[in-house]
Amino acid sequence: MSPLAHILALPVRAYRLLLSPWVGHSCRYQPTCSAYTLEALERHGAFKGGYLSAKRILSCHPMGGSGYDPVPGADPEHDHKP
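Notes on the structure in this doc start here. (Residues numbered from 1 in each chain as written. Predicted model: local features only at pLDDT ≥ 70, side-chain atom pairs only at ≥ 80, totals over all residues. Heavy atoms only, no water.)

1. Considerations on the overall build of the chain
Here is step 1 of the chain: Secondary structure assignment for the chain yields three helices and two strands.
Here is step 2 of the chain: Along the chain direction, N to C, the helices and strands of the chain fall in the order α-β-α-β-α.
Here is step 3 of the chain: Since a compact globule built from 82 residues should have a radius of gyration of about 12 Å, the 13 Å found for the chain is in line with a globular shape.
Here is step 4 of the chain: Along the longest, intermediate and shortest principal axes, the C-alpha atoms of the chain span 40 × 30 × 20 Å.
Here is step 5 of the chain: A buried classification covers 27% of the 82 residues belonging to the chain.
Here is step 6 of the chain: Residue pairs in contact within the chain that sit at least 24 positions apart in sequence constitute 65% of those at least 6 positions apart.
Here is step 7 of the chain: For the chain, the accessible surface area stands at approximately 5,800 Å², while carbon and sulfur atoms represent 65% of it.
Here is step 8 of the chain: Within the chain, the 6 negative side-chain charges are centred at a point lying 8 Å from the centre of the 8 positive side-chain charges. (Helix = DSSP H or I, 4+ residues; strand = E, 2+ residues; numbered from the N terminus. Rg over C-alpha atoms; globule rule 2.2 N^0.38 Å. Buried < 20%, exposed > 50% of the residue type's maximum accessible area, 1.4 Å probe, protein only. Contact = heavy atoms within 4.5 Å. Areas by Shrake-Rupley, 256 points an atom, 1.4 Å probe, with all protein chains shown as cover. Lys, Arg positive; Asp, Glu negative; His and termini not counted. Charge placed at Lys NZ, Arg CZ, Asp CG, Glu CD.)

So, in structure tokens, the structure goes:
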């Protein structure tokens with residue numbers, strides 16, 4: 001992971017450590033948005049991973065999606081489109 005990606009991951013790790021236990025486990029997606037963000041930053045770096053994370057978080061609203069939504073490249077079966 002690049003140094004910038006490590007810096008971007010710090011608030012996510014703090015959220016998971018300090019706030020997530022109090023907020024509850026009600027994420028609409030699998031994997032959760034925080035796990036998705038950490039994996040996206042690790043897999044794709046700060047810029048593309050940050051973009052993918054922001055796109056995912058912005059889709060989390062009542063009219064947004066839900067269900068299984070892995071990071072691109074994490075699940076080849078899910079990425080494959082017939």
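2. With respect to the packing of aromatic side chains
Here is step 1 of the chain: As enumerated under the stated definition, the model contains zero aromatic pairs in all.
Here is step 2 of the chain: Across from the ring centre of Tyr 36, 4.4 Å away, lies the NZ or CZ of Arg 56, which sits over that ring. (Phe/Tyr/Trp six-rings, centres within 6.5 Å; stacked < 30°, edge-to-face > 60°. Lys NZ or Arg CZ within 6 Å of the ring centre and 35° of its normal.)

3. Re the packing of helix H1 (residues 3–23) against helix H2 (residues 33–58)
Here is step 1 of the chain: The N-to-C vectors of H1 and H2 enclose an angle of 175°; their axes lie 9 Å apart at closest approach. As judged from the angle between their axes, H1 and H2 are roughly antiparallel. Mapping the contact onto sequence places Leu 4, Ala 5, Leu 8, Ala 9, Val 12, Arg 13, Tyr 15 and Arg 16 in H1 and Ser 34, Ala 35, Thr 37, Leu 38, Leu 41, Gly 45, Ala 46 and Phe 47 in H2.
Here is step 2 of the chain: Of the residues contributing to the contact of H1 with H2, the split by class is 11 nonpolar, three polar and two charged. (Axes fitted to C-alpha atoms, helices over the stretch in contact; angles between N-to-C directions. Parallel < 35°, antiparallel > 145°, perpendicular 65-115°, else oblique. Nonpolar A, V, L, I, M, F, W, Y, C, P; charged D, E, K, R; others polar.)

4. Re the pattern of salt bridges
Side chains that carry opposite charge are capable of pairing whenever their charged atoms lie near each other.
Here is step 1 of the chain: Enumeration according to the criterion identifies two salt bridges in this entry.
Here is step 2 of the chain: The closest approach of N and O atoms between Asp 69 and Arg 56, which form a salt bridge, is 3.8 Å. On the criterion of sequence distance, the pair formed by Asp 69 in the loop between strand E2 (67–68) and helix H3 (76–79) and Arg 56 in helix H2 is long-range, its members being 13 residues apart.
Here is step 3 of the chain: A relative accessible area of 24% means that Asp 69 is categorised as partly exposed. (Salt bridge = Lys/Arg side-chain N within 4 Å of Asp/Glu carboxyl O.)

5. Notes on the nonpolar core
Here is step 1 of the chain: Counting residues in hydrophobic clusters, the biggest one holds six residues: Ala 5, Ala 9, Val 12, Leu 38, Leu 41 and Ala 46.
Here is step 2 of the chain: For this core, the elements supplying multiple residues, two or more each, are H1 and H2.
Here is step 3 of the chain: The contact partners of Val 12, leaving out residues within four places of it in the chain, are Ser 34, Thr 37 and Leu 38. (Core = buried A, V, L, I, M, F, W, Y, C linked by side-chain atoms within 4.5 Å.)

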